[in-house]
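The residues making up each chain are set out below.
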Amino acid sequence: MLNKLFVIAALLLPACFAHAHEYKAGELEIAHPWSQELPPNAPTVAAYFVISNPGKTDDRLLSVDSPITDQAQLHEHVMQGDLMKMQQVPNVVIPAGGKVTFAPMAYHVMLLNPKDRSLLSDGKRFPLTLHFEKAGNVTVEVAVQKKPAETKTHDHAQ
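Remember, it's a predicted structure, so these values are computed and weren't measured experimentally.

Participant: Sorry, what's going on with the overall build of the protein chain here?
Facilitator: Each helix and strand counted, the protein chain has one helix and 11 strands in total. When the helices and strands of the protein chain are read in sequence order from the N terminus, they spell out α-β-β-β-β-β-β-β-β-β-β-β. In the protein chain, which comprises 158 residues, the proportion classed as buried is 39%. Taking the contacts inside the protein chain whose residues are at least 6 apart along the sequence as the reference set, 66% of them involve residues at least 24 apart. As displayed, the protein chain has an accessible area near 9200 Å², and 58% of this comes from carbon and sulfur atoms.

In structure tokens form, the structure reads like this:
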């Protein structure tokens, strides 16, 4: 009986890790990269995640790229007067001991004119490579979801 329990536990263990959806790059931790499913003719798609930096020095997200598009940009939403405006940013500082949340109406990755739309439906995943100044490069798998993920939008740097 005990042997059967060990076998079952060994078989289930990989399934538990498959849903973890977290990545490391140097001191940085990237959690739950996701994107919302969009209509087939949408000209852009956004990707979101949370980057935590438990280290003692700041790092900087310099750029991103993905094989699903030729143009990937770092963006943020800012209030200008009474209007919320989206704008491209050259990089994003990940403060030491803090985190930056990429979420709707906050920082996000904008993927313009996706060329491989087959990966942009619910349940699919697509690769996204993040290029950090100190931590180097890390490729994550972005999970496409029908509904937005539960994420705080105002955790720019805590």
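Participant: Please explain the pairing of strand β5 (residues 71–80) as it appears in this structure.
Facilitator: For a regular strand, the rule is simple: side chains alternate between the two faces of the sheet. Sheet analysis places β5 next to strand β9 (residues 108–112), joined by five bridges and oriented antiparallel. Looking across to β9, one finds that Gln73 is bridged to Met110. Of the strand pairs in this sheet, β5 and strand β6 (residues 83–88) are connected by six bridges, and their pairing is antiparallel. Residue pairing across strands places Met79 opposite Met84, the latter belonging to β6. In this structure, the hairpin formed by β5 and β6 is closed by a connection of two residues, where Gly81 is found at a positive phi of approximately 70 degrees.

Participant: Which parts of the structure should I look at to understand the side chain of Ser35?
Facilitator: One can find Ser35 in strand β2 (residues 28–36). Once residues lying within four places of it in the same chain are set aside, the contact partners of Ser35 are Val45, Ala46, Ala47, Phe126, Val142, Ala143, Val144 and Gln145.

Participant: What exactly am I supposed to notice about the environment of Pro114 here?
Facilitator: With respect to the secondary-structure elements, Pro114 resides in the loop between β9 and β10 (125–132). Residues in contact with Pro114, not counting those within four places in the same chain, are Pro43, Thr44, Val45, Ile68, Thr69 and Leu120.

Participant: Explanation requested: a nonpolar patch on the surface in the structure shown.
Facilitator: Side chains of Met79, Met84 and Met105 sit close together on the surface and give an oily, nonpolar patch of about 300 Å² of accessible area. Among the secondary structure elements, Met84 is positioned in strand β6. The partly exposed category is assigned to Met84, whose relative accessible area is 38%.

Participant: In this structure, what is going on with unusual backbone geometry? I would like to understand it.
Facilitator: Glycine aside, a negative phi is what most residues show, and trans is what most peptide bonds show. Of note, the phi angle at Met105 is positive, near 70 degrees, even though the residue is not glycine. Turning to its location among the elements, Met105 is positioned in the loop between β8 (98–102) and β9. With a relative accessible area of 43%, Met105 lands in the partly exposed category. Of note in this structure, Asn113 is not a glycine but carries a positive phi near 45 degrees.

Participant: What's the story with the packing of aromatic side chains in this structure? I'm lost.
Facilitator: The geometry of an aromatic ring pair comes down to the distance between the two centres and the angle between the two planes. Enumeration according to the criterion identifies three aromatic pairs in this entry. Taking the centre distance of 4.5 Å and the plane angle of 25 degrees together, the rings of Phe49 and Phe102 count as stacked. One end of the pair, Phe49, is in strand β3 (residues 44–53); the other, Phe102, is in strand β8, with 53 residues separating them in the sequence. Each member of the pair, Phe49 as well as Phe102, carries the same accessibility label: buried.

Participant: Please explain the pattern of salt bridges as it appears in this structure.
Facilitator: One side chain can pair with another of opposite charge once the charged atoms of both are near each other. In the structure shown here, the tally under the stated rule is four salt bridges. For Lys146, the salt bridge goes to Glu37, with nearest N and O atoms at 3.2 Å. Of this pair, Lys146 sits in the segment after β11 (136–145) while Glu37 sits in the loop between β2 and β3; the two residues are 109 residues apart in sequence, bridging distant segments of the chain. Lys146 sits in the exposed class, given a relative accessible area of 53%. We note a salt bridge from Arg60 to Glu133, for which the minimum N-O separation is 3.8 Å. Of the two residues, Arg60 sits in strand β4 (residues 59–65) while Glu133 sits in the loop between β10 and β11, which places them 73 residues apart along the sequence. Looking at Arg60, the relative accessible area reads 27%, which means it is partly exposed. Its relative accessible area of 45% is what places Glu133 among the partly exposed residues.

Definitions and limits used
Residues numbered from 1 in each chain as written. Predicted model: local features only at pLDDT ≥ 70, side-chain atom pairs only at ≥ 80, totals over all residues. Heavy atoms only, no water. Helix = DSSP H or I, 4+ residues; strand = E, 2+ residues; numbered from the N terminus. Buried < 20%, exposed > 50% of the residue type's maximum accessible area, 1.4 Å probe, protein only. Contact = heavy atoms within 4.5 Å. Areas by Shrake-Rupley, 256 points an atom, 1.4 Å probe, with all protein chains shown as cover. Pairing = 2+ DSSP bridges. Patch = residues over 30% accessible without salt bridge, like charges linked within 9 Å, V, L, I, M, F, W, Y side chains within 5 Å. Salt bridge = Lys/Arg side-chain N within 4 Å of Asp/Glu carboxyl O. Phe/Tyr/Trp six-rings, centres within 6.5 Å; stacked < 30°, edge-to-face > 60°.

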